[in-house]
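# Examination of the molecular architecture
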Amino acid sequence: MDKEVQIGNLKVKVLRDTCIGAASCVAFAPTVFQLDDERKAVVIEGANETAEIIMMAAQSCPVKAIILTDATTGEQVWPN
Ligand code: SF4
């Protein structure tokens, strides 16, 4: 099961099976995403970043492997 990390009001999750290690999320938000030993993006525990930057990073993913959910409403905000 893919781990979900809450940052501010966003819950951030990377679909490991979908991620191709393109690392554009890391380029946009290096404080939030890093590549692990298998070159899959993982969300850094305790990361602190704005929703705008996290959204830009998610939108930059060529395979839409980053799922963002509004922690208050439970609504998926990306991909939408
Ligand atoms: S941009 Fe997408 S495919 Fe690339 S490392 Fe991040 S989550 Fe994986």
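Note: the structure precedes this text.
Heads up: these notes are all about the structure in this document. (Residues numbered from 1 in each chain as written. Predicted model: local features only at pLDDT ≥ 70, side-chain atom pairs only at ≥ 80, totals over all residues.)

## Structural notes on the sheet that holds strand β2 (residues 10–14)
Read across the sheet, four strands follow the order β1-β2-β5-β6 without closing on themselves; strand pairing throughout is antiparallel. With one partner strand each, in any of the chains shown, β1 (4–7) and β6 (76–78) form the two edges of the open sheet. If you compare each strand with its neighbour and ignore which way they point, the axes differ by 30 degrees on average. One ladder, built from two bridges, connects strand β5 (residues 66–70) with β6; its direction is antiparallel. Looking across to β6, one finds that Thr 69 is bridged to Gln 76. Each of β1, β2, β5 and β6 is contacted by helix α2 (residues 51–60), which is oriented at about 145 degrees to β5, the strand it contacts most. (Pairing = 2+ DSSP bridges. Helix = DSSP H or I, 4+ residues; strand = E, 2+ residues; numbered from the N terminus. Axes fitted to C-alpha atoms, helices over the stretch in contact; angles between N-to-C directions. Contact = placed C-beta atoms within 7 Å.)

## Brief notes about the site of the ligand
Close contacts around the ligand come from 14 residues, with Cys 19, Ala 22, Cys 25, Ala 41 and Cys 61 the closest. Of the residues that constitute the shell around the ligand, the class distribution is 12 nonpolar, two polar and no charged. (Near = placed C-beta within 6 Å. Nonpolar A, V, L, I, M, F, W, Y, C, P; charged D, E, K, R; others polar.)

## A few points about the nonpolar core
Counting residues in each nonpolar core, the largest one holds 18 residues, and the members touching the most others are Val 12, Cys 25, Val 32, Phe 33, Ile 54, Ala 57 and Ile 66. Put simply, the parts of the chain that give this core at least two residues each are β2, β4 (41–43), α2 and β5. Setting aside anything within four residues of it in sequence, one finds Ala 57 in contact with Cys 25, Phe 28, Ala 29, Val 32, Phe 33 and Ile 66. (Core = buried A, V, L, I, M, F, W, Y, C linked by C-beta atoms within 7 Å. Buried ≥ 20, exposed ≤ 12 C-beta atoms within 10 Å, placed from the backbone.)

## Regarding the environment of Leu 10
Within the element layout of this structure, Leu 10 appears in strand β2. Since 21 C-beta atoms lie within 10 Å of it, Leu 10 is described here as buried. Along the backbone, Leu 10 and Thr 69 are 59 residues apart, and their C-alpha atoms lie at a distance of 5.6 Å.

## Re α2
Looking only at α2, the buried set comprises Ile 54, Ala 57 and Ala 58. Looking straight down α2, one finds that the buried residues subtend no more than 100 degrees of arc, so they occupy a single side. Buried residues along α2 sit in contact with β1, β2, α1 (24–28), β3 (33–35), β5 and β6. (Arc of directions from axis to C-beta.)

As far as function goes, none of this settles anything; it's purely spatial.
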